[in-house]
Amino acid sequence: MIRFEGATKTFPDGTVAVGGLDLLAATGSITVLVGPSGCGKTTSLRMVNRMIEPTGGRIMIDDRDTASMDAAQLRRGIGYVIQHAGLFPHRTIVDNIATVPRLLGWDRSTTRNRALELIERVGLPASFAGRYPHQLSGGQQQRVGVARALAADPPVMLMDEPFSAVDPVVREQLQEEFLRLQSELGKTILFVTHDIDEAVKLGDQVAVLRVGGVLAQVADPATLLRDPVDDFVADFAGRDRGYRGLGFRPAPSLTPRSEPAVTLGTSPEEVRRSGNAWVLVVDDDRRPLGWVEPARVTEPVATDRLHRGGTVARLDGSSRAILDAALSSPSGRGVVVDDDGCLLGTVTSAEVVAALQSPPGPDSSGQP
Amino acid sequence: MTWILDHLDDIGYYTLQHAWLAALPLLLGLLLATPLGWAARRYRGLYTPVVAGTGLLYTIPSLALFILMPLILGTQILDPVNVVVAMTIYTVALLTRTVADGLGAVPDSVIASATAMGLGPVRRLFTVELPLAVPVIAAGLRVAAVSNVSIVSVAALIGVPQLGSLFTDGFYRDFLDPIVAGLVACVVLALLFDLVIVVLARLLTPWLRTGGAP
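Here the structure is a predicted model, which is why all the values come from computation and not from measurement. (Residues numbered from 1 in each chain as written. Chains lettered and ligands numbered in written order. Predicted model: local features only at pLDDT ≥ 70, side-chain atom pairs only at ≥ 80, totals over all residues. Heavy atoms only, no water.)

Along its length, chain A carries 14 helices and 16 strands. By its C-alpha atoms, chain A is 80 × 55 × 35 Å across when sized along the principal axes. For chain A, buried positions account for 50% of its 368 residues. Intrachain contacts of chain A at a sequence separation of at least 6 include 62% that bridge at least 24 residues. Counting every atom, chain A has about 16600 Å² of accessible surface; 49% of that belongs to carbon and sulfur. (Helix = DSSP H or I, 4+ residues; strand = E, 2+ residues; numbered from the N terminus. Buried < 20%, exposed > 50% of the residue type's maximum accessible area, 1.4 Å probe, protein only. Contact = heavy atoms within 4.5 Å. Areas by Shrake-Rupley, 256 points an atom, 1.4 Å probe, with all protein chains shown as cover.)

Here it is, written out as structure tokens:
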């Protein structure tokens, strides 16, 4: 647990970077600090491991005042991941990861084994161990950065915009894997980002900061999107809050309509039989592949004729996913699949919206 | 030519003298310039005075510095210590900026992550910053090495024997052979110093000789 008690940082020129921050980051969960530039989020983060010393208030880790601890000792017990990873260019991947264990005096073989284990844990091939950072892509370097922070198994992790400098596709992958890793490890994580989408995606709790390091709102992501406390938070949470908020709402209970489907290689006559404007194509295991327009089919259905724009949802997914499946489908019928990815049927956006408007069920996170 | 063959012993002796009079100050200068360069980088206000101040030392004419040394140090005029100290001053003049800029070229994210992992300032300097500054420092060292080999020869005028003595000898006797021999030996020595520094720098920077991202 990390607890900010009136933590303040005033720089010598009188600038107040953080003005009396009170915040509790619960053990085993991800707390995201988010806000515009100049809101003191990085300063707040760096006060935890005392790379920046607070000028007022206290920061406690598990009820120990960080100010009373030796700075180097404190830091060795806190994992730290930054933008661009900050790997040591002159050390191999395995040596980079081994940095903190070595400082802590672990023996050679334990250290090496731990580093090799972490390389695989963050999804990199073992053959990367002897490479230097510049031989890796940005995304791979960032994985090593995470592995290095985890090396000595610290209970607390600080992450400062770790995924901001990689391209969107890689960022999404890293975010997914970060969540998977966290579900296995259960670290107490303080995570800084300027991206509200990343904040609501990753955070168990999101703290929105105003310029000057003043807390505007702390809430779980769904509450933040549904019930911003003031205009600043509402503006910052951005457009499409209602739609994005559906991502935190379980899909309403719906019974998918059965959908006639054809397989690849079906003849044009067969495809036209249903009389629908769009026909769903599935593979031999009934996994959806895409849609075809019977009117344009002149020869047996082949993969290059498929319209692949529609997304696919599951009944136990989010409301957002199931509504998106309906909205993105060229036929207006959203494809719903089971856990194995096999076709269950389709739903229309009208059905989804109607179900969303009915009174929230017991498992909805709605509040009066 | 026969003069050179007859005096190989002398030329060898002068070359060895010349080598250590140039090399020892190079090492001492590096040892002094490292903390100076570090301080110039560490304390923002010190950068300009330290770098400009040490740089100015290089403008002192070498003959004047050689002659002043015994007065300042209280040594004998023929004492080779005078030459070593004077050459060390020149080396510091050249290397302080190099060290400061080499340390300054270490990426901030690397410094930040080193600090965040609990490396103290001293450990960080020796295990992260200096190793990463090696290419820049080596480049400065090569300049300083050639400069030292060249300037040391002036010490012949205050009577400290090294390859410069061949120049004065040739000059007084209006005789070309010793001058040519001294020049060739100086060039060979400078190339040798350069080679040693390049090889050392390569050995110290294995990460620079690996291919890029796959």
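So, on to the sheet that holds strand β13 (residues 288–292) of chain A. Each strand in a sheet pairs with its neighbour through backbone hydrogen bonds, running either in the same direction (parallel) or in the opposite one (antiparallel). All names here are of chain A. The strand order β11-β12-β13 describes an open sheet built from 3 strands, whose pairing is mixed. Unpaired on one side and paired on the other, β11 (261–263) and β13 mark the two borders of the sheet. Direction aside, neighbouring strands of the sheet carry axes that sit 35° apart on average. In the sheet, β11 pairs with strand β12 (residues 279–282) via 3 bridges, with the strands oriented parallel. Paired with alanine 261 across the strands is leucine 280, a residue of β12. (Pairing = 2+ DSSP bridges. Axes fitted to C-alpha atoms, helices over the stretch in contact; angles between N-to-C directions.)

For the rest of this paragraph, the subject is the packing of helix α2 (residues 8–42) of chain B against helix α5 (residues 80–104) of chain B. Residue and element names in this part refer to chain B. Between α2 and α5, whose axes approach to 5 Å, the crossing angle comes to 40°. Looking at the two axes, α2 sits oblique to α5. In this structure, α2 meets α5 at a crossing whose hand is right-handed. Partitioning the contact of α2 with α5 into residue classes produces 21 nonpolar, 7 polar and 2 charged. (Parallel < 35°, antiparallel > 145°, perpendicular 65-115°, else oblique. Left-handed = near helix turned anticlockwise from the far one by under 90°. Nonpolar A, V, L, I, M, F, W, Y, C, P; charged D, E, K, R; others polar.)

Turning to the pairing of strand β7 (residues 156–160) of chain A, a few remarks are in order. All names here are of chain A. Most of β7 sits inside the fold, with 5 of its 5 residues counted as buried. Going residue by residue along β7, you find Val156, Leu158 and Asp160 tucked away on one face and Met157 and Met159 tucked away on the opposite face as well. As judged from the 5 bridges shared by strand β6 (residues 78–82) and β7, these two strands associate in the parallel manner. The residue of β7 that forms the bridge with tyrosine 80 is leucine 158. Relative to strand β8 (residues 188–193), β7 is paired through 5 bridges, and the arrangement is parallel. Note on β8: the bridge partner recorded for methionine 157 is isoleucine 189.

Attention shifts here to the confidence of the model for chain A. In low-pLDDT segments, the atomic positions of the prediction should not be examined closely. Here chain A shows a mean pLDDT of 90. Residues at 70 or above account for 97%. For the stretch residues 364–368 of chain A, pLDDT sits under 50, and the model shows 4 contacts to residues farther than four places along the chain or on other chains. (pLDDT = per-residue confidence, 0-100.)

When the parts of a complex come together, some accessible area is lost, and that lost area is often taken as the interface size. In this complex, chain B contributes 22 residues to the contact, which on the side of chain A involves 27 residues. For the pair chain B and chain A, the summed buried surface comes to about 2000 Å²; carbon and sulfur atoms form 67% of the total. Sorting the residues of chain B by area buried against chain A places Ala116, Met117 and Trp207 of chain B first, and these three jointly supply 31% of that buried surface. Taken together, the connections running from chain B to chain A amount to 0 salt bridges. The tally of links from chain B across to chain A stands at 7 residue pairs in polar contact (both at pLDDT 80 or more). Of all the secondary-structure elements, those providing two or more residues to the side of chain B that touches chain A are α6 (108–116) and α7 (121–152) of chain B. Partitioned by chemical class, the residues of the side of chain B that touches chain A number 13 nonpolar, 8 polar and 1 charged. (Buried area = accessible area lost by both parts, 1.4 Å probe. Salt bridge = Lys/Arg side-chain N within 4 Å of Asp/Glu carboxyl O. Polar contact = N/O pair within 3.5 Å; in protein donor to acceptor, adjacent residues only side chain to side chain.)

Our focus in this paragraph is unusual backbone geometry. Residue and element names in this part refer to chain A. With a phi angle near 65°, alanine 85 is a residue other than glycine that sits in the positive phi range. The exposure class assigned to alanine 85 is buried, which follows from its relative accessible area of 3%. Look at glutamate 161: it is not a glycine, yet its phi comes out positive at around 45°. Inspection of the secondary structure puts glutamate 161 in the loop between β7 and α7 (168–185).

Moving on, we get to empty space enclosed by the protein. Residue and element names in this part refer to chain A. This structure, assessed with the given rule, holds 3 cavities of 30 Å³ or more. One number sums up the size of the largest cavity: a volume of about 100 Å³. Of all the secondary-structure elements, those providing two or more residues to the lining of the largest cavity are α6 (138–150) and α7. At 5 residues, α7 tops the list of elements feeding residues into the lining of the largest cavity. Looking at the lining of the largest cavity residue by residue, the classes come out as 6 nonpolar, 1 polar and 3 charged. (1 Å grid on protein atoms, 1.4 Å probe; cavity = no way out; pocket = protein on both sides within 12 Å on 5 of 7 lines; lining within 4 Å. Points joined across faces, edges and corners; volume = space filled by probe spheres on them.)

Of all the 9 residues making up α6 of chain B, 7 are buried; the element is thus mostly covered by neighbouring parts of the structure. As for α6 of chain B, its buried residues are in contact with α1 (41–48), α2 (71–76), β6 and α6 of chain A together with α7 of chain B. Just downstream of α6 of chain B, glycine 118 of chain B is the residue with a positive phi angle, here 90°.

Below, the discussion takes up the sheet that holds strand β14 (residues 312–314) of chain A. All names here are of chain A. If you trace the 3 strands from one edge of the open sheet to the other, you get β14-β15-β16, paired in mixed fashion. Either end of the sheet is taken by a strand with one partner, and the two such strands are β14 and β16 (343–348). The mean inter-strand angle of the sheet, taken between neighbouring strand axes irrespective of direction, is 40°. Bridging between β14 and strand β15 (residues 333–337) involves 3 bridges; their strand directions are parallel. Counted as the bridge partner of valine 312 is valine 335 from β15. Each of β14, β15 and β16 is contacted by helix α13 (residues 319–328), which is oriented at about 145° to β14, the strand it contacts most.

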